[in-house]
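# Structural description and commentary
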Amino acid sequence: MTKPILRLQDVCKNFGGVVAADNVSFQVVPGEIHGLIGPNGAGKTTLLNLISGIYEVVSGDIFFNEENITKVPDHKRAQLGISRTFQSPRFLKRSNIRENLQIATDLKMQVSFLRSFFGKKDRDYEKELAEMMEIADFEIRPKDDISSLTYGQLKLLEIVRSMLSHPKAMLVDEPAAGLNGSEQDKAMALLRLAAKRDIGVILIEHSMDMIMNTCHNITVLNFGKVIAEGKPREISRNEQVIEAYLGRRHDNA
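Now for a quick tour of the structure. Note that the coordinates shown come from a computational prediction; the quantities given were computed from them, not determined experimentally.

## A short note on the overall build of the protein
Along the protein, the regular secondary structure elements total 10 helices and 10 strands. Across the 253 residues in the protein, those meeting the buried criterion constitute 51%. Pairs at least 24 residues apart make up 68% of the contacts formed inside the protein by residues separated by at least 6 positions. Here the protein displays about 13100 Å² of accessible surface, and carbon together with sulfur accounts for 49% of that area.

Written out as C-alpha cells, the structure reads:
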C-alpha cells in the first residue's frame with residue numbers, strides 16, 4: 001500500500017466561536033488528485049492554510065511524508081516540498097515573467113531570492129517549462145512584465161510556477177475560478193501532469209466538471225466537518241452531500 005504524502009489527523013481550528021475545522025482527518029498519496037469540496041464557508045481554504053502553515057492548528061496533527069510537521073513554520077514546509085496556489089494569482093508585480101518563475105527554482109534549490117538576481121543562473125529548467133507551456137497553450141516572453149498576461153494566463157502560470165519547484169505535494173485553491181472552458185481544460189491538463197509526476201495534489205474547486213473529471217478521491221466538508229469521502233461517482237450520489245449543496249427539500253416545496 002502506498003504511503004501517504006500528506007495526512008491530517010483530527011485537525012481542529014476555530015476563530016473565536018466559529019469552528020472552521022472540526023476533527024478533520026484525510027490523507028493524500030503521491031500521484032493522487034484529491035478533491036476538497038463543500039459549500040462556501042465549509043472550511044476548505046482554512047485547511048490549506050493549516051497544511052501550508054499560514055494558520056496554526058488548535059489541536060490534531062499534520063504529517064508530511066509521515067513526519068509530523070504540525071509545529072514546522074510555513075517557509076520550512078515549502079522547502080520540504082509543499083507548494084501552494086491561491087484563489088487570486090500572487091506575483092511580484094514589478095518583476096518580469098522570468099523573475100517570477102525563478103522564485104520556484106530558487107525554492108527548489110533552497111537559495112535566497114536575491115541570488116536569483118545576482119547569482120549564477122546555472123539551473124536549466126527550459127525543457128520542463130516548455131512542456132508545461134505547451135500544455136497551457138500559450139507562449140511567454142520571459143522579459144515581458146508579468147502584468148502583460150491575462151488573468152487566465154496568470155492562473156495557469158501560477159500552477160506552472162508551483163510545479164517548477166518540484167514539490168511532493170501541491171495545494172491548489174480554485175484554479176478554475178474566472179477561467180473560460182478552454183482555460184479550465186488547460187488547468188486540468190496541468191494538474192494531471194502533476195499527478196503523473198507523482199505529486200500529491202489537494203484541489204479545492206467549485207467547478208464540479210473539474211472535480212469529477214480530474215480527481216481520484218474526494219473529501220467533502222460542511223461547517224468544518226468531513227461529511228463524506230470517496231470516489232467521484234460515490235460522492236455524486238451521496239444524499240448528505242447533495243443536501244449540503246442544495247439544502248433540505250421540504251415536502252411542500
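Picking up after the structure, the text goes on.
## Some details on the side chain of Glu183
Within the element layout of this structure, Glu183 appears in helix H7 (residues 181-196). Buried Glu183, no salt bridge; nearest opposite-charge side chain is Lys186, N-O distance 6.2 Å. If we ignore the near neighbours within four places in the chain, the residues touching Glu183 are Gly152, Leu156 and Gly178.

## Quick notes on unusual backbone geometry
Trans peptide bonds make up most of the peptide bonds, and negative phi angles are found at most residues other than glycine. In this structure, Asn65 takes a positive phi of about 55 degrees despite not being glycine. Tracing the backbone through its elements, the reader meets Asn65 in the loop between strand S4 (59-64) and strand S5 (67-68). With a phi angle near 65 degrees, Glu66 is a residue other than glycine that sits in the positive phi range. A relative accessible area of 38% means that Glu66 is categorised as partly exposed.

Rules of the game
Residues numbered from 1 in each chain as written. Predicted model: local features only at pLDDT ≥ 70, side-chain atom pairs only at ≥ 80, totals over all residues. Heavy atoms only, no water. Helix = DSSP H or I, 4+ residues; strand = E, 2+ residues; numbered from the N terminus. Buried < 20%, exposed > 50% of the residue type's maximum accessible area, 1.4 Å probe, protein only. Contact = heavy atoms within 4.5 Å. Areas by Shrake-Rupley, 256 points an atom, 1.4 Å probe, with all protein chains shown as cover. Lys, Arg positive; Asp, Glu negative; His and termini not counted. Salt bridge = Lys/Arg side-chain N within 4 Å of Asp/Glu carboxyl O.

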